[in-house]
Amino acid sequence: MAEVIRIHKDDNVAVAAEVVKKGDKFTVGSQEYEAVTDIPAGHKVALCDIGEKEPVIKYGYPIGTASAKVAKGEWVHTHNIKTGLKDSVPYCYEPAWREAKAEGEAFFMGYEREDGKAGVRNEIWIIPTVGCVNNVATALAKQAASSVRGSIEDVVAFPHPYGCSQMGEDQENTRRILADLVNHPNAGGVLVLGLGCENSNIGELKKYIGAYNEKRVKFLVCQESDDELAEGLMLTEELAEYASAAKRVKISAEKLTVGLKCGGSDGFSGITANPLVGKFSDRLIGSGGTAILTEVPEMFGAETLLMNRCQDEELFYKTVDLVDGFKNYFKSHNQVIYENPSPGNKAGGISTLEDKSLGCTQKSGSAPVRGVLAYGETVKEKGLNLLSAPGNDLVAATALAAAGAQIVLFTTGRGTPFASPVPTVKISSNSGIAEKKGGWIDFNAGVLAEGEDMDTVAERFFKYVLEVASGRKVKSEESGFHDMAIFKQGVTL
């Protein structure tokens, strides 16, 4: 008997937990079915006849309409379902939220910073103001490895191709992201490396950085230095002298901010990994902490669920602007709004953007929305925040770090080795990818599809993330990976 999973009682499709062959029998509740086509693992099977243009229901909501007649027991995917979404949607605030459940206190061992923030790492970061000095920054990080001592955990360069030949808001975004990283609490010391003639030069960037501790943040303009490598090494040594004295202390989880992201999703993502992260988000918020959900294009189709969780009408309208702003961004570049662009998503069983979004937004749990952030803006309100950023993994994860997340939780059904400026926890939606890519995956949520209890797994996962916050390295850190990417939207001169 094949195993399939119906997520919601109102669904007219179920998800194959394993490959189902034509003629295989399976049961949902007390009813027995027979597959009339082959159904790949993670893909959908119809639980009743679905007429052309009738809604296909998953998670209790429409994920599209049938583009042809679908027979009971038939494979449901891109060949017989299409999106039901439209470009322009009138939104109405219909509040449907409840206060987050209060949880007991939770703690991690982190670094207290002078500004009241807490770091989960004590690293030295080398941040170029412009791509022209990327190689200098990388060389400095490599040569400064000898500075790792005491509590310093790494010296990391964050090369990027921007900082010059940009205009308007595009240039502003680059400056905001770089300044956010300079001020990030995971960095015990920061060397800001400039060229000297760039638009976003050190003098300009200081306006965005604001007040800073001169022992923690150093600046070097390469065009003004006789030997930028020698001077850079001297400055990193000074930073190391300062940062190495920091010690881990017990800190309340109310100072922990975690970013929520998914990529390379499959049919199990909305059943295992994303709901697990949603449980974590609720637990963290219940302990006074903060979670940030981003990748706005992957809210399309589920955005009203988030809008109605806004704690007040002002936040509702900010969320409407968040969503409509991204739709207008797509349209301004003559691109289709409701496309599901990832071949990996489709191969994993995701058929439409609604299908992806309804699974994606489960990472936010059930807490009310307390804040809505523009790209490059840092979090100010504790609780659940929504952040403007695209679905691209590196860009979105960097935006989460820049917004203040000390850790990013990344769910995946396909696997990925990428990292971000902060520890990036990879949570697999199925056990197969966890076993195959053990060097990438940090936590296997696939056990939930195999019968393990959600509350038990959620408790284990919560403890694991606190261990990461306390210094336990994730797989990408063990591999020495650190990535960052800035959202490029405007003209390049």
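This text follows the structure it describes.
Heads up: these notes are all about the structure in this document. The structure presented is a predicted model; accordingly, all values stated were derived computationally and were not measured. Think of each chain on its own: its residues are numbered from 1, step by step along the sequence as written. Local features are withheld for residues below a pLDDT of 70 in this predicted model, meaning they are given only at 70 or higher, and side-chain atom pairs are given and counted only at 80 or more; totals for whole chains, interfaces and linings count all residues. Hydrogens and water are ignored here; the side-chain numbers use all heavy atoms of the structure.

**Points about the overall build of the chain**
By definition, any uninterrupted DSSP run of H or I lasting at least four residues is a helix, any uninterrupted run of E lasting at least two residues is a strand, and each is numbered from the N terminus. If you tally the helices and strands in the chain, you get 13 helices and 23 strands. Only C-alpha atoms enter the radius of gyration, while the globule expectation follows 2.2 Å times N to the 0.38, with N the number of residues. Relative to the 2.2 N^0.38 estimate, which gives 23 Å for 493 residues, the radius of gyration of the chain is 23 Å and therefore close to what a compact globule would have. Across its three principal directions, the C-alpha atoms of the chain cover 75 × 45 × 40 Å. Expressed as a percentage of the 493 residues in the chain, the buried residues total 57%. Any two residues having at least one pair of non-hydrogen atoms within 4.5 Å are treated as being in contact. Partitioning the intrachain contacts of the chain with sequence separation of at least 6 by distance along the chain shows that 72% fall at a separation of at least 24. Here, Shrake-Rupley sampling with a 1.4 Å probe gives the accessible areas, and only protein chains in the shown set may cover a residue. As displayed, the chain offers around 19600 Å² of accessible surface, 50% of which is attributable to carbon and sulfur atoms. Asp and Glu are treated as the negative residues and Lys and Arg as the positive ones, with His and the ends of the chain left uncounted. Lys charges are placed at NZ, Arg charges at CZ, Asp charges at CG and Glu charges at CD. Between the mean site of the 53 positive side-chain charges and the mean site of the 66 negative ones, the chain shows a separation of 2 Å. Any residue under 20% of the maximum accessible area for its type is buried, any over 50% is exposed, and the rest in between are partly exposed; the area is computed with a 1.4 Å probe on protein chains only.

**A few points about the pairing of strand β4 (residues 31-34)**
Where strand β3 (residues 25-28) lies against β4, 4 bridges are found, and the strand directions are antiparallel. Residue pairing for β4: Phe-26 is matched across the bridge by Tyr-33. Here the rule is simple: two strands pair whenever DSSP picks up at least two bridges between them.

**Notes on the environment of Leu-387**
Here Leu-387 shows up in strand β20 (residues 383-387). Residue Leu-387 is classed as buried on the basis of its relative accessible area, which comes to 0%. Taking the C-alpha atoms as reference points, Leu-387 and Val-372, 15 residues apart in sequence, are found 6.0 Å from one another.

**Brief notes about helix α12 (residues 454-469)**
Under the convention used throughout, the expected extent of a helix is 1.5 Å for every residue step, that is, one less than its residue count. Between its terminal C-alpha atoms α12 stretches 22 Å, which fits the 22 Å expected from 16 residues at 1.5 Å a residue. Taken together, the buried positions of α12 are occupied by Val-457, Ala-458, Phe-461, Phe-462, Tyr-464, Val-465, Leu-466, Val-468 and Ala-469. Residues of α12 that are buried in the fold lie against β10 (107-112), α5 (273-286), β21 (407-412), β22 (424-428) and β23 (443-444). Taken from the residues just after α12, Gly-471 is the one with a positive phi, measuring 125°.

**Describing the environment of Ala-389**
Within the element layout of this structure, Ala-389 appears in the loop between β20 and α10 (393-403). Exposure remark for Ala-389: the relative accessible area of 0% places this residue in the buried category. Contacts of Ala-389, omitting those with residues within four sequence positions, involve Thr-294, Glu-295, Val-296, Pro-297, Phe-326, Tyr-375, Ala-396 and Ala-399.

**Some points on the nonpolar core**
Grouped burial of nonpolar side chains is what soluble globular proteins tend to show. Judged by nonpolar contacts, the single largest core of 94 residues is most densely connected at Leu-256, Leu-276, Ile-407, Leu-409, Val-425, Ile-427 and Phe-461. Take this core: its biggest share by element is 9 residues, from α12. If we skip the residues at most four places from it in the chain, Leu-276 touches Ile-427, Phe-443, Ala-445, Leu-448, Met-454, Val-457, Ala-458 and Phe-461. We call a set of buried residues a nonpolar core when its members are Ala, Val, Leu, Ile, Met, Phe, Trp, Tyr or Cys and they connect through side-chain atoms within 4.5 Å of each other. Formed by 21 residues, the second largest nonpolar core is a distinct cluster that contains Ile-126, Ile-152, Leu-220 and Leu-239.

**Thoughts on the sheet that holds strand β13 (residues 155-157)**
Strands sit in the order β13-β12-β14-β15 across an open sheet of 4 strands; the sheet is parallel. Lying at the two open borders of the sheet, with one neighbouring strand each, are β13 and β15 (217-221). Recorded for the sheet is a direction-independent mean angle of 20° between the axes of neighbouring strands. Structural elements are reduced to axes, namely lines fitted to C-alpha atoms, with helices fitted over the stretch in contact, and the angle between N-to-C directions of any two is expressed from 0 to 180 degrees. Against the sheet, helix α3 (residues 202-209) makes contact with β14 (187-194) and β15, and its axis sits at roughly 160° relative to β15, the strand it touches most.

**With respect to helix α1 (residues 134-143)**
Residues Asn-134, Val-136, Ala-137, Leu-140 and Ala-141 constitute the buried set of α1. One side of α1 carries all its buried residues, which in axial view fall inside an arc of 165°. Those residues of α1 that are exposed and aimed more than 90 degrees away from the buried face are Asn-135 and Lys-142. Turning to α1, the residues buried within the fold contact β12 (123-128), β13, β14 and α4 (228-243). Of all possible arcs, the one meant is that of the directions from the helix axis to the C-beta atoms.

**Some details on the pairing of strand β19 (residues 369-373)**
β19 sits mainly inside the fold: 5 of its 5 residues count as buried. Note: β19 against β20, 4 bridges, orientation parallel. Opposite Val-372, over in β20, you have Leu-386 as the bridge partner.

**Side note on the pattern of salt bridges**
Any two side chains of opposite charge can pair, on the condition that their charged atoms come close. Salt bridges are counted wherever a side-chain nitrogen of Lys or Arg sits within 4 Å of a carboxyl oxygen of Asp or Glu. The tally for this structure, following the rule as stated, stands at 25 salt bridges. Across the salt bridge formed by Glu-459 and Arg-283, the nearest N and O atoms sit 2.8 Å from each other. You can see Glu-459 sitting in helix α12 and its partner Arg-283 sitting in helix α5, a full 176 residues away along the chain. Under the relative-accessibility criterion, Glu-459 is labelled partly exposed at 30%. According to the relative accessible area criterion, Arg-283 is partly exposed, its value standing at 22%. When salt bridges with common partners are traced through the structure, they connect Glu-172, Arg-175, Glu-204 and Lys-207 into a single cluster.

**Observations concerning the packing of α1 against α4**
One way to put it is that α1 packs onto α4 with a least axis distance of 10 Å and a crossing angle of 50°. Viewed along their axes, α1 and α4 adopt a mutual orientation that is oblique. In this structure, the crossing between α1 and α4 has a hand that is right-handed. Counting all contacts with α1, which are made through Val-136, Ala-139, Leu-140 and Gln-143, the residues of α4 involved are Glu-228, Leu-229, Gly-232 and Leu-233. Considered class by class, the residues forming the contact of α1 with α4 number 5 nonpolar, 2 polar and 1 charged. Any angle that is under 35 degrees is reported as roughly parallel, and any over 145 degrees as roughly antiparallel; angles of 65 to 115 degrees are reported as roughly perpendicular and all others as oblique. The sense of a crossing depends on the near helix, which, turned anticlockwise from the far helix by less than a right angle, makes the crossing left-handed and, turned clockwise, makes it right-handed. Note that Gly is not counted as nonpolar here; it falls among the polar residues with everything else outside the nonpolar set of Ala, Val, Leu, Ile, Met, Phe, Trp, Tyr, Cys and Pro and the charged set of Asp, Glu, Lys and Arg.

**Observations regarding a nonpolar patch on the surface**
Together, Met-167, Val-491 and Leu-493 line one region of the surface with nonpolar side chains, adding up to about 320 Å² of accessible area. Checked against the element boundaries, Met-167 lands in the loop between β13 and α2 (168-182). Taking the relative accessible area as the measure of exposure, Met-167 reaches 44% and is therefore partly exposed. Patch criteria: residues need more than 30% relative accessible area and no salt bridge. Like-charged residues are merged within 9 Å; nonpolar side chains of Val, Leu, Ile, Met, Phe, Trp and Tyr are merged within 5 Å.

**Notes on the sheet that holds strand β8 (residues 75-76)**
The antiparallel open sheet is built from 4 strands, whose spatial order is β1-β2-β5-β8. Looking at strand neighbours, the two that pair on one side only are β1 (4-5) and β8, the edges of this open sheet. Direction of pairing for strand β5 (residues 44-46) relative to β8: antiparallel, over a ladder of 2 bridges. Within β8, the residue paired with Lys-44 across the bridge is Val-76.

**A closer look at the packing of aromatic side chains**
Two rings belonging to Phe, Tyr or Trp (six-membered ring only in the last case) form a pair when the distance between their centres is within 6.5 Å. Interplanar angles under 30 degrees mark stacking, angles over 60 mark edge-to-face geometry, and anything in between is tilted. Tallied over the entire structure, the rule returns 17 aromatic pairs. Look at Tyr-212 and Phe-219: their rings are 5.2 Å apart centre to centre, the planes differ by 70°, and that puts the pair in the edge-to-face class. Within the aromatic cluster, the residues linked to one another by ring pairs are Phe-300, Phe-326, Tyr-329, Phe-330, Tyr-375 and Phe-487. Over a ring means this: the NZ of a Lys or the CZ of an Arg is within 6 Å of the ring centre and within 35 degrees of the ring normal. Here the basic side chain of Lys-206 rests over the ring of Phe-219, its NZ or CZ set 4.6 Å away from the ring centre. Over the ring of Phe-462 we find Arg-283, and its NZ or CZ is 4.1 Å from the ring centre.

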